[in-house]
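Commentary on secondary and tertiary structure
The lines below spell out each chain.
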Amino acid sequence: MTTPHRDRKISPPPVNPGDERFFDAAAQGKLLIKRCAGCGEFHYYPRPLCPFCFSEQTEWVEAKGTGSIYTFSVTRRAGPTPYAIAYVTLDEGVTMMTNIVDCDLDAIRIGQRVRVVFKPTEGGPPVPMFAPA
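First, a word on what this report is: a plain description of the structure on this page. Being a predicted model, the structure only gives us computed values, none of them experimental.

**What about the overall build of the protein chain?**
- Summing up its helical and strand segments, the protein chain has one helix and eight strands in all.
- Each helix and strand of the protein chain, placed in order from N terminus to C terminus, yields the pattern α-β-β-β-β-β-β-β-β.
- Against the compact-globule benchmark of 14 Å for 133 residues, the protein chain has a radius of gyration of 15 Å, which places it among compact chains.
- Each of the 133 residues in the protein chain was classed as buried or not, and the buried ones make up 41%.
- When the accessible surface of the protein chain is split by element, carbon and sulfur atoms take 52% of a total near 7,600 Å².

This is the structure in structure tokens:
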């Protein structure tokens, strides 16, 4: 059985104060994550305090945009278009919830290498998703 990926309508994400730089970079095809200048740890989702040492010295850095699938699920009955939701662990060590796109959804595997792609939303900033590397 094969389930090819089909693009679907994506609602625009809410852009909270402080997130503007993340979405501006996404519009340029760059994935930003936060790193703490105090302890050096990367973290995602972006937030003003480091979740490891609670320092306010966090900074935006460009991620490589590559990683591997930690886990995933193919959703076939939630609407007219099947899609794959996943946790991807970036090479920097952070894990983010995302979608796997541009592939046969039945060929997705845990541990599979992926790369970031940016998908447009309806009237909002593009969002990062991942495709097989």
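Having seen it, we continue.
**Here's the deal with the pairing of strand β8 (residues 127-132)**
- Within β8, five of the six residues are buried, which leaves it mostly tucked inside the rest of the structure.
- Note that strand β7 (residues 113-119) and β8 share six bridges and pair antiparallel. When the sheet's bridge partners are listed, Val114 is paired in β8 with Pro132.

**Focus on the pattern of salt bridges**
- Taken as a whole and assessed by the stated rule, the structure comprises five salt bridges.
- Across the salt bridge formed by Asp7 and Lys119, the nearest N and O atoms sit 3.6 Å from each other. Pair noted here: Asp7 is in the segment before α1 (20-27) and Lys119 is in strand β7, with a separation of 112 residues, a long-range link.
- With a closest N to O distance of 2.6 Å, Arg76 and Asp106 form a salt bridge. Of the two residues, Arg76 sits in the loop between β4 (66-75) and β5 (83-90) while Asp106 sits in the loop between β6 (95-100) and β7, which places them 30 residues apart along the sequence.
- One salt-bridge network, held together by shared partners, links Asp7, Asp102 and Lys119.

**Looking at the packing of aromatic side chains**
- All chains considered together, the criterion is met by three aromatic pairs.
- Plain terms: the ring middles of Phe22 and Phe23 are 5.0 Å apart, the flat faces sit at 90 degrees to each other, and that makes the pair edge-to-face.
- Overall, Phe23 belongs to the buried group, its relative accessible area being 11%.
- Between Phe22 and Tyr44, the aromatic rings sit 6.3 Å apart at their centres with planes inclined by 45 degrees, giving tilted as the arrangement. Of this pair, Phe22 sits in helix α1 while Tyr44 sits in the loop between β2 (42-43) and β3 (58-62); the two residues are 22 residues apart in sequence, bridging distant segments of the chain.
- Phe22 gets classed as buried once you look at its relative accessible area, which sits at 5%.
- A relative accessible area of 24% places Tyr44 in the partly exposed class.
- Members of the aromatic cluster, connected to one another through ring pairs, are Phe22, Phe23, Tyr44 and Trp60.
- A cation over an aromatic ring shows up here: Lys34 above the ring of Trp60, its NZ or CZ 4.9 Å from the ring centre.
- The residue whose ring lies beneath Arg47 is Tyr45, and the NZ or CZ to ring-centre distance is 4.2 Å.

**A short note on the side chain of Arg47**
- In this structure, Arg47 sits in the loop between β2 and β3.
- In this structure, Arg47 is buried with no salt-bridge partner, the nearest side chain bearing the opposite charge being Glu41 at 10 Å.
- Sequence-distant contacts of Arg47, defined by excluding residues within four places in its chain, comprise Lys34 and Thr58.

Calculation rules
- Residues numbered from 1 in each chain as written.
- Predicted model: local features only at pLDDT ≥ 70, side-chain atom pairs only at ≥ 80, totals over all residues.
- Heavy atoms only, no water.
- Helix = DSSP H or I, 4+ residues; strand = E, 2+ residues; numbered from the N terminus.
- Rg over C-alpha atoms; globule rule 2.2 N^0.38 Å.
- Buried < 20%, exposed > 50% of the residue type's maximum accessible area, 1.4 Å probe, protein only.
- Areas by Shrake-Rupley, 256 points an atom, 1.4 Å probe, with all protein chains shown as cover.
- Pairing = 2+ DSSP bridges.
- Salt bridge = Lys/Arg side-chain N within 4 Å of Asp/Glu carboxyl O.
- Phe/Tyr/Trp six-rings, centres within 6.5 Å; stacked < 30°, edge-to-face > 60°.
- Lys NZ or Arg CZ within 6 Å of the ring centre and 35° of its normal.
- Lys, Arg positive; Asp, Glu negative; His and termini not counted.
- Contact = heavy atoms within 4.5 Å.

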